[in-house]
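# Structural overview for review
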Amino acid sequence: MSNGCSLTCSCRPSRLPEAAARAEAEAAVTAAVAAVGECAECLRCDELPEGLRPALPAAYTAAIETLLANSGFTSAYVAEADFGPLPQPAEGEEAAGEAAPAGDGCIGLRYVAASQDFVVGKQLPYGKGVSLAAADRCEPVKVPNVLLEPKIEFLKRPRFGAYACVPVTNPMDGSVMAVLAADTLIDGAELADSDVATMVALAEALGKVHAAGVAKMQAELLEKLQASPPKVGEYV
């Protein structure tokens, strides 16, 4: 007979409750993310005429609330990307840091939804902050200590904490539409890998909302055109 303890004996606490709780928490996050991805409203689409673009959707707000409820982040926000010709240094002028590639790209971010109202409406121009790197490289950016990152742009006074951002991309063509970002500047807590993973999942859900919404609007426009074809010389 073995003198060893079984996994469930009193001298060795069972890990089953801990594992069950972790699995339950992960299932809750998955369900919350899926709910965001099923939002009926779609995101802004530059390819659609101005009059057909929907107002700011509930999907942004749902993603922010879900992220804060299922991670260590204390503030979260969404910034939509503006595109155009990338600024180039004038002739004879040296560019600070890395030179911008020639051609079009993300020239700035506009904060359109946030857990803190003062953030909405602010803009981040090209060459400022670290959020644009997520759009340029199409990959997550994580800053463990914002006070040690000289490129960080504080929207208010500098404070200790962590920061992360991920691009929101169109799953059809991979184009970047927005950036989902968050920080822990309220309590200065460290970030876990699971926090960034939750953010990535939510960004993917927002991308799916965009693709589904645009497809729906295009189908409705096509149906409208088929029902009442425009006459020669008439604008759609």
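Look up: the structure comes first, before these words.
Note that the structure is predicted; figures quoted are calculated from it, not measured. (Residues numbered from 1 in each chain as written. Predicted model: local features only at pLDDT ≥ 70, side-chain atom pairs only at ≥ 80, totals over all residues. Heavy atoms only, no water.)

### With respect to the overall build of the chain
Scanning the chain for helices and strands turns up four helices and six strands. For the chain, the residues scored as buried account for 36% of the 236 residues in total. Considering only residue pairs separated by 6 or more positions, the chain has 57% of its internal contacts joining residues 24 or more positions apart. Here the chain has roughly 14,300 Å² of accessible surface; of this, 55% comes from carbon and sulfur atoms. (Helix = DSSP H or I, 4+ residues; strand = E, 2+ residues; numbered from the N terminus. Buried < 20%, exposed > 50% of the residue type's maximum accessible area, 1.4 Å probe, protein only. Contact = heavy atoms within 4.5 Å. Areas by Shrake-Rupley, 256 points an atom, 1.4 Å probe, with all protein chains shown as cover.)

### A closer look at empty space enclosed by the protein
As enumerated under the stated definition, the model contains one cavity of 30 Å³ or more in all. By volume, the largest cavity amounts to about 320 Å³. Broken down by secondary-structure element, the contributors of at least two residues to the lining of the largest cavity are β1 (75-85) and β3 (123-125). Of the residues assigned to the lining of the largest cavity, the class counts are twelve nonpolar, five polar and five charged. (1 Å grid on protein atoms, 1.4 Å probe; cavity = no way out; pocket = protein on both sides within 12 Å on 5 of 7 lines; lining within 4 Å. Points joined across faces, edges and corners; volume = space filled by probe spheres on them. Nonpolar A, V, L, I, M, F, W, Y, C, P; charged D, E, K, R; others polar.)

### Focus: the pairing of strand β5 (residues 163-169)
Among the seven residues in β5, six count as buried, and that is most of the element. Bridge count for strand β4 (residues 141-143) against β5 is three bridges, and the pairing is antiparallel. Bridging across to β5, valine 143 finds its partner in tyrosine 163. Examined bridge by bridge, β5 and strand β6 (residues 176-183) share seven bridges and lie antiparallel to one another. Looking at the pairing, alanine 164 lines up with alanine 182 of β6. Between β5 and β6, which pair antiparallel in sequence order, lie six residues; one of them, glycine 174, sits at a positive phi of approximately 80 degrees. (Pairing = 2+ DSSP bridges.)

### Structural notes on the pattern of salt bridges
Per the counting criterion, the structure on display carries two salt bridges. One salt bridge connects arginine 110 with glutamate 80, and the closest N-O pair in it is separated by 3.4 Å. Residue arginine 110 is located in strand β2 (residues 104-114), and its partner glutamate 80 is located in strand β1; the two are separated by 30 residues in the primary sequence. The exposure class of arginine 110 is partly exposed, given its relative accessible area of 24%. Among the salt bridges present, the one from aspartate 193 reaches lysine 142, with a minimum N-O distance of 3.5 Å. Remark: lysine 142 occurs in strand β4 and aspartate 193 occurs in helix α4 (residues 193-227); sequence separation between them is 51 residues. Look at lysine 142 and you get partly exposed, because its relative accessible area is 38%. (Salt bridge = Lys/Arg side-chain N within 4 Å of Asp/Glu carboxyl O.)

### Digging into the packing of aromatic side chains
Per the stated rule, a full pass over the model turns up one aromatic pair. Ring geometry for tyrosine 77 and tyrosine 111: centres 5.8 Å apart, planes at 75 degrees, overall edge-to-face. A residue pair is termed long-range when its members are at least 10 positions apart, and tyrosine 77 in strand β1 and tyrosine 111 in strand β2 qualify at 34 residues. Of the residues examined, tyrosine 111 reaches a relative accessible area of 8% and is grouped as buried. (Phe/Tyr/Trp six-rings, centres within 6.5 Å; stacked < 30°, edge-to-face > 60°.)

### What about the nonpolar core?
Counting 29 residues, the largest nonpolar core has Val78 and Met199 as its most contacted members. Secondary-structure elements contributing two or more residues to this core are α1 (16-37), α2 (58-69), β1, β2, β5, β6 and α4. When residues in this core are grouped by element, the largest group, seven residues, is from α4. For valine 78, the residues in contact, after removing those within four places along its chain, are Tyr60, Ile64, Arg110, Tyr111, Val112, Ala113, Ala178, Val179 and Leu180. Ala134, Val143, Ile152 and Val179 belong to the second largest nonpolar core, which has 23 residues in total. (Core = buried A, V, L, I, M, F, W, Y, C linked by side-chain atoms within 4.5 Å.)

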